[in-house]
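Residue strings, one per chain:
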Amino acid sequence: MKHKEDKGKSNRSTIIEAEFNRKALHYESNRLANWYQAQGEQILHQITSLDGAVIDVGCGTGWLLRRLIKQNPYATCIGIDLSKQMIEQAKIKIHVERLNNVSFIHGDWEDAAIIEKVRDRLDQPVSKIVCVSSFHYFRHPEIAVRSMHDLLAPNGSLFLLDRAMDGSIGTFTWDFLHRYLIKDQVRFYKTSELVSLLEKTGFENVRVLKKINRWLWKQKLYTSLALVSGIRGVTPVEAS
Ligand SMILES: C[S@@+](CC[C@H](N)C(=O)[O-])C[C@H]1O[C@@H](n2cnc3c(N)ncnc32)[C@H](O)[C@@H]1O
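Read on for an overview of the structure. (Residues numbered from 1 in each chain as written. Predicted model: local features only at pLDDT ≥ 70, side-chain atom pairs only at ≥ 80, totals over all residues. Heavy atoms only, no water.)

1. Some thoughts on the overall build of the protein
- Counting its secondary structure elements, the protein contains eight helices and seven strands.
- A globule of 240 residues ought to have a C-alpha radius of gyration of about 18 Å, and the protein, at 17 Å, matches this closely.
- C-alpha atoms of the protein, sized along the principal axes, occupy 45 × 45 × 40 Å.
- Residues counted as buried form 51% of the 240 residues belonging to the protein.
- Of the contacts formed within the protein by residues at least 6 apart in sequence, a portion of 73% connects residues at least 24 apart.
- Accessible surface for the protein amounts to roughly 12400 Å². Of this, 53% is attributable to carbon and sulfur atoms.
- Here the protein contributes 34 positively and 27 negatively charged side chains, and the mean placements of these two sets differ by 5 Å. (Helix = DSSP H or I, 4+ residues; strand = E, 2+ residues; numbered from the N terminus. Rg over C-alpha atoms; globule rule 2.2 N^0.38 Å. Buried < 20%, exposed > 50% of the residue type's maximum accessible area, 1.4 Å probe, protein only. Contact = heavy atoms within 4.5 Å. Areas by Shrake-Rupley, 256 points an atom, 1.4 Å probe, with all protein chains shown as cover. Lys, Arg positive; Asp, Glu negative; His and termini not counted. Charge placed at Lys NZ, Arg CZ, Asp CG, Glu CD.)

So, in structure tokens, the structure goes:
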């Protein structure tokens, strides 16, 4: 039975990986590229200086990490993505732009072995973790956030930006379709649910830094986003 469940999970991840493998080559020039990059800009507004390492979970082609390393050339940036082709593109782009201190790992954030691989690659404590437009793909959101919490150094920050169901009938409808018609793992959350998730996994000072509810923002019909942040405290969190 367990075997069957695991197989189901990996099949669903394979479908998502295949989707982004198809998109990878044109990901930074397609119709939605401006929309995704504008989301990355929201993170750049928050991270004005860097000490230590930054991890980008679901980094895609690494646009955000390229911007971050240009502003902070002595930082260490590591991107992780489920899609092999996204990671290939990310590697090509840092090579073309001759950027150092950025590396990419192909793998599933929900796989403990991948998190260990990230840990092994670190040469500095993790001061920031960013996750932009990727969170809604996770099968076990609580475990995914807990892994982010555990990888951060004390006083390190998580910035999580994703679509928010509140204020958007469209996102609410997509969530319904994914749950009951498409029946895949994609789930959207209300801003309050994202906040609760961060609090539940031990983050302190959890805040909603930004909400965007706009028509025709960056060529998308309607946008509903929430950027939430939390800080890893200095005392260890007991597992619940
Ligand atoms: C919409 S793209 C966002 C990419 C990038 N963060 C951006 O803002 O442009 C979502 C990305 O999340 C990745 N992803 C989905 N599930 C993942 C997982 N479990 N582990 C790592 N990456 C994942 C996908 O492969 C895809 O590249």
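2. Some points on the nonpolar core
- In this structure, Ile43, Ile47, Leu64, Leu65, Leu68, Val102 and Phe104 are the most contacted members of the largest nonpolar core, which totals 40 residues.
- Setting aside chain neighbours within four positions, we find Ile47 in contact with Leu68, Gln71, Lys128, Val130 and Phe159.
- Residues Ile55, Val118, Val126 and Phe138 belong to the second largest nonpolar core, which totals 30 residues. (Core = buried A, V, L, I, M, F, W, Y, C linked by side-chain atoms within 4.5 Å.)

3. Some remarks on the packing of aromatic side chains
- A complete count under the given rule lists seven aromatic pairs for this structure.
- Judged by centre distance (5.7 Å) and plane angle (55°), the ring pair of Phe135 and Tyr189 falls under tilted. Residue Phe135 is located in the loop between β4 (126-132) and α6 (141-151), and its partner Tyr189 is located in the loop between α7 (169-182) and α8 (191-200); the two are separated by 54 residues in the primary sequence. Side by side, Phe135 and Tyr189 carry an identical accessibility label, which is buried.
- With 4.9 Å between their ring centres and 55° between their planes, Phe176 and Tyr180 make a pair best called tilted. Of this pair, Phe176 and Tyr180 both sit in helix α7, four residues apart, roughly one helical turn.
- An aromatic cluster of three or more residues is present, and its members are Tyr27, Trp35 and Tyr36.
- One residue, Lys23, lies across the ring of Phe20, its end atom 5.2 Å from the ring centre.
- The positively charged end of Lys220 is found above the aromatic ring belonging to Trp35, 4.6 Å away from the centroid. (Phe/Tyr/Trp six-rings, centres within 6.5 Å; stacked < 30°, edge-to-face > 60°. Lys NZ or Arg CZ within 6 Å of the ring centre and 35° of its normal.)

4. What about the side chain of Arg163?
- Structurally, the position occupied by Arg163 is in strand β5 (residues 157-163).
- Buried charged residue Arg163 carries no salt bridge. Nearest counter-charge: Asp162, at 5.1 Å.
- Filtering out sequence-adjacent residues up to four positions away, Arg163 remains in contact with Trp35, Tyr36, His136, Thr171, Phe188, Tyr189, Ser224 and Leu225. (Salt bridge = Lys/Arg side-chain N within 4 Å of Asp/Glu carboxyl O.)

5. Structural notes on a nonpolar patch on the surface
- Among the surface-exposed residues, Trp174, Leu181 and Ile182 lie close enough to one another that they form a single nonpolar patch of about 350 Å² accessible area.
- Its relative accessible area of 47% is what places Trp174 among the partly exposed residues. (Patch = residues over 30% accessible without salt bridge, like charges linked within 9 Å, V, L, I, M, F, W, Y side chains within 5 Å.)

6. Points about the site of the ligand
- Taken together, 18 residues are adjacent to the ligand, and Tyr27, Gly58, Asp81, Asp108 and Val132 come closest.
- Protein burial of the ligand: of its 590 Å² of free accessible surface, 96% is covered by the chains.
- When its residues are assigned to classes, the shell around the ligand shows 10 nonpolar, six polar and two charged. (Near = heavy atom within 4 Å. Nonpolar A, V, L, I, M, F, W, Y, C, P; charged D, E, K, R; others polar.)

7. Some thoughts on the pattern of salt bridges
- In total, this model carries 11 salt bridges according to the counting rule given.
- In this structure, Lys23 engages Glu19 in a salt bridge whose closest nitrogen and oxygen atoms are separated by 2.8 Å. Remark: Glu19 and Lys23 occur in helix α1 (residues 2-23); sequence separation between them is four residues, near one turn of the helix.
- On the basis of relative accessibility, which here comes to 23%, the residue Glu19 falls in the partly exposed class.
- Among the ionic pairs, Arg179 bridges to Asp175, the shortest N-O distance being 2.7 Å.

8. Concerning the pairing of strand β7 (residues 220-232)
- Two elements, β5 and β7, share seven bridges in a ladder whose sense is antiparallel. Residue pairing for β7: Ser157 is matched across the bridge by Ile231.
- Pairing geometry for strand β6 (residues 203-217) and β7, over 11 bridges, is antiparallel. Bridge pairing in β7 links Glu204 to Ile231. (Pairing = 2+ DSSP bridges.)

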